[in-house]
Structures are given as structure tokens and as C-alpha cells.
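A closer look at the structure
The primary structure of each chain is shown beneath.
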Amino acid sequence: MEIILSAICFFTITAFVYFRVGYGNIASSYRLWFEDGYWVNYNVVEAAAWLAKAAVILPGLIWQKEIWQLHLVTLFTSGLLIWVSERKLLPTMVAFNTLWIGLSSVVIVRNIF
């Protein structure tokens with residue numbers, strides 16, 4: 001029942017937001033992944049950081065399991081993302097990745113010592 005309710009919630013909210021933004025705009029955004037010149041250093045680091053964070057979060061949400069070793073990757077990618085984001089130095093991105101560096105540090109130290 002939780003899976004069904006979660007799926008309904010996910011699809012309802014996503015459909016509403018996509019409708020408000022415009023399905024064409026959303027599709028154009030996703031198409032950027034396949035355009036020449038998109039995969040420059042910053043976007044590669046951003047994708048790696050996003051995948052690493054998803055790899056940390058999803059097992060915890062789905063199976064209540066923490067793969068603490070993945071925090072080594074998120075620690076590195078969060079720092080790297082702040083460093084390479086000179087052109088897109090958005091305060092929310094800097095703050096979020098700074099917070100994630102702190103979170104990863106706590107998890108790593110807790111599991112090593």
C-alpha cells in the first residue's frame with residue numbers, strides 16, 4: 001500500500017509541476033543531456049555528484065540500509081562540485097554541498113572510529 005500511495009503522490013506532484021512549467025520546457029531541459037557540448041567538466045562533476053548522493057539516499061529510504069563507504073565519494077564530489085562551479089556559483093548549491101561535506105564527514109568518522 002505504501003508503494004502505491006508513494007507512486008500516486010510522486011506522479012501527481014510531478015505532473016502538476018511539469019504542467020505549470022510546461023511539458024515542452026521540461027522536454028527541452030532533458031534534451032540538453034544529448035546535445036553536443038553539454039558534457040563539459042562542470043556538468044560531468046554535477047552528474048557524478050548527483051548519482052553519488054542518490055546512491056547514498058536511496059538504499060536508506062528503500063531498505064533502511066546505509067552504505068557509509070559511499071560517503072567517501074559524496075565527500076569528494078561535493079567538494080569538487082563547489083570547486084568547479086565558478087560559473088554557476090549559486091548560493092543554494094554551495095550551501096547544500098557544504099552541508100553535505102559536513103554530513104559525509106560525520107558518517108565517515110562515525111564508521112571509522
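Just above sits the structure.
Overview of the structure. (Residues numbered from 1 in each chain as written. Predicted model: local features only at pLDDT ≥ 70, side-chain atom pairs only at ≥ 80, totals over all residues. Heavy atoms only, no water.)

**Some remarks on the overall build of the protein**
Cut-off, in case you're wondering: The helix count covers DSSP runs of H or I at least four residues long, the strand count covers runs of E at least two residues long, and both are numbered beginning at the N terminus. Just to be clear, the radius of gyration here is over C-alpha atoms, and the globule rule we use is 2.2 Å times residues to the power 0.38. Burial status follows relative accessibility: with a 1.4 Å probe on protein chains alone, a residue under 20% of its type maximum counts as buried, one over 50% as exposed, and anything between as partly exposed.
Each helix and strand counted, the protein has 5 helices and 0 strands in total. A compact globule built from 113 residues would reach a C-alpha radius of gyration of about 13 Å, whereas the protein, at 17 Å, exceeds it by more than 25%. Projecting the C-alpha coordinates of the protein onto the three principal axes gives extents of approximately 50 × 45 × 25 Å. Out of the 113 residues in the protein, the part that is buried amounts to 21%.

**Observations regarding the nonpolar core**
Under the convention used in this document: Residues belong to one nonpolar core when they are buried, are Ala, Val, Leu, Ile, Met, Phe, Trp, Tyr or Cys, and are joined through side-chain atoms within 4.5 Å.
Formed by Tyr42, Val45, Ala49, Leu81, Val84 and Met93, the largest nonpolar core amounts to 6 residues. In terms of residue count, helix α3 (residues 41-63) provides more of this core than any other element does, 3 residues in total.

**Here we look at the packing of aromatic side chains**
Aromatic rings considered in pairs are described by the distance between their centres and by the relative angle of their planes. This is how it is decided: A pair of aromatic rings is counted whenever rings of Phe, Tyr or Trp (Trp by its six-membered ring) have centres within 6.5 Å, and the orientation is called stacked for planes under 30 degrees apart, edge-to-face for over 60 and tilted otherwise.
Applying the stated criterion across every chain, the model contains 5 aromatic pairs. With centroids separated by 6.5 Å and ring planes inclined at 75 degrees, the aromatic side chains of Tyr18 and Tyr23 adopt a geometry described as edge-to-face. Look at Tyr18 and you get partly exposed, because its relative accessible area is 22%. You can call Tyr23 partly exposed: its relative accessible area is 48%.

**Focus: the layout of surface pockets**
Short version of the rule: In this analysis a 1.4 Å probe is tested at points of a 1 Å grid over the protein atoms alone, and where it fits but cannot get out there is a cavity; an open set with protein on both sides within 12 Å along at least five of seven lines is a pocket; lining residues have an atom within 4 Å of a point. Grid points are joined across faces, edges and corners, and a volume is the space filled by probe spheres set on the points. Any residue outside Ala, Val, Leu, Ile, Met, Phe, Trp, Tyr, Cys, Pro, Asp, Glu, Lys and Arg is labelled polar, Gly included; the first ten of those are nonpolar and the last four are charged.
When its volume is computed, the largest pocket comes out at roughly 220 Å³. The wall of the largest pocket is formed by Trp33, Tyr38, Trp39, Asn43, Glu46, Ala47 and Trp50. Partitioned by chemical class, the residues of the lining of the largest pocket number 5 nonpolar, 1 polar and 1 charged. In this structure, the second largest pocket occupies an estimated 180 Å³ of space. Going through the elements one at a time, α3 and α5 (91-112) are the ones with two or more residues in the lining of the second largest pocket. With 6 residues, the single largest contributor to the lining of the second largest pocket is α3. Of the residues contributing to the lining of the second largest pocket, the split by class is 7 nonpolar, 1 polar and 2 charged.

That is the geometry; function is a separate question.
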